[in-house]
Structures are given as structure tokens and as C-alpha cells.
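Structure at a glance
Here is how the chains run, residue by residue.
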Amino acid sequence: MSKDKAIKDQIAKISCRINGLQNHAVVLLKGKRVKIISDYTGQPFGSSRPSLKGHEFNIEAVQISGSRCEIWDGTFDHCFMGIDEVEFV
């Protein structure tokens, strides 16, 4: 087996593990009720909207991104918040 093929095979295995972890996170978290404990505003930058601290919602989507597990409530377009910004209720 060539060096190129061996590296590509390893990357394919890692990709499968990542997909498995993503699916596990979705099964574990989707539909769970959480409350925002940070001063999250629903905007990726800036704070022209009031804080959503105390707002409760059900998790609609989960995305593992680097070392962060991000969740989405379905009401803010393209705005994910870190799992560390909420508590489970």
C-alpha cells in the first residue's frame, strides 16, 4: 500500500468516527429543554438586541465544531450557542 493511500485510509476512518460522534450528540441532546445562563443576544457579534438570559427552549440542532458543542433553538437564523451557555432543565 502506498503512503498516500495509507494516509487517506486513516483520514477516512477519522471522518467516520467524527460522524459517529456527531450523530451521538444529536441523539443525546435533540429535544432536550435548556435555559440560557449567559448574556446571549442571538447575534454572532454585537449586542443591539436584549440579552436572552433566562429564555428556555428545546434543542433543535446540534453541531460539534472543534472543541465546542453548539446547539440551536430554531428561532435564530445561523446562530448557534455553546453548550456551556445553557443549563438543562
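This text gives an overview of the structure that appears in the document. The structure presented is a predicted model; accordingly, all values stated were derived computationally and were not measured.

Quick look at the overall build of the protein
When you go through the protein residue by residue, the secondary structure sums to 1 helix and 6 strands. Listing the helices and strands of the protein from first to last along the sequence gives α-β-β-β-β-β-β. At a minimum sequence separation of 6, the contacts of the protein that also span at least 24 residues come to 47%. Entry remark: accessible area of the protein is about 6,300 Å², with carbon and sulfur atoms responsible for 57%.

A word on the side chain of Gln22
Following the sequence through the fold, Gln22 ends up in helix α1 (residues 3-29). Judged by its relative accessible area of 16%, Gln22 falls in the buried class. Look past the residues within four positions of Gln22 in its chain and what remains in contact with it is Val62, Gln63 and Ile64.

Some details on the sheet that holds strand β1 (residues 33-36)
Pairing in this open sheet of 3 strands is antiparallel, and the strands run β2-β1-β6 from one edge to the other. With one partner strand each, in any of the chains shown, β2 (56-58) and β6 (86-88) form the two edges of the open sheet. Ignoring which end each strand starts from, the neighbouring axes of this sheet average 35° apart.

What about the pairing of β1?
Burial of β1 is one-sided: the residues Val34 and Ile36 facing one way are buried, the residues Arg33 and Lys35 facing the other way are not. Two elements, β1 and β6, share 3 bridges in a ladder whose sense is antiparallel. What sits directly across from Ile36, in β6, is Val86.

Notes on the pattern of salt bridges
All chains considered together, the criterion is met by 4 salt bridges. Its salt-bridge partner being Asp4, residue Lys8 comes within 3.1 Å of it at the nearest N-O pair. Here Lys8 pairs with Asp4, and both are found in helix α1, just 4 residues apart, close to one helical turn. One salt bridge in this structure joins Glu87 and Lys35, with 3.4 Å as the shortest N-O distance.

Re α1
End to end, α1 covers 39 Å across 27 residues, agreeing with the expected 39 Å (1.5 Å per residue, within 8%). Those residues of α1 that fall on the buried side of the exposure criterion are Gln22, Ala25 and Leu29. The elements touched by buried residues of α1 are β3 (61-65), β4 (68-72) and β6.

Re the nonpolar core
The biggest cluster of nonpolar side chains holds 12 residues, and these are Ala25, Leu29, Val34, Ile36, Tyr40, Leu52, Phe57, Ile59, Val62, Ile71, Met81 and Val86. Elements with a minimum of two residues in this core: α1 and β1. Once residues lying within four places of it in the same chain are set aside, the contact partners of Leu29 are Ile59, Val62, Cys69, Ile71, Ile83 and Phe88.

About the criteria used
Residues numbered from 1 in each chain as written. Predicted model: local features only at pLDDT ≥ 70, side-chain atom pairs only at ≥ 80, totals over all residues. Heavy atoms only, no water. Helix = DSSP H or I, 4+ residues; strand = E, 2+ residues; numbered from the N terminus. Contact = heavy atoms within 4.5 Å. Areas by Shrake-Rupley, 256 points an atom, 1.4 Å probe, with all protein chains shown as cover. Buried < 20%, exposed > 50% of the residue type's maximum accessible area, 1.4 Å probe, protein only. Pairing = 2+ DSSP bridges. Axes fitted to C-alpha atoms, helices over the stretch in contact; angles between N-to-C directions. Salt bridge = Lys/Arg side-chain N within 4 Å of Asp/Glu carboxyl O. Expected span 1.5 Å × (residues − 1). Core = buried A, V, L, I, M, F, W, Y, C linked by side-chain atoms within 4.5 Å.

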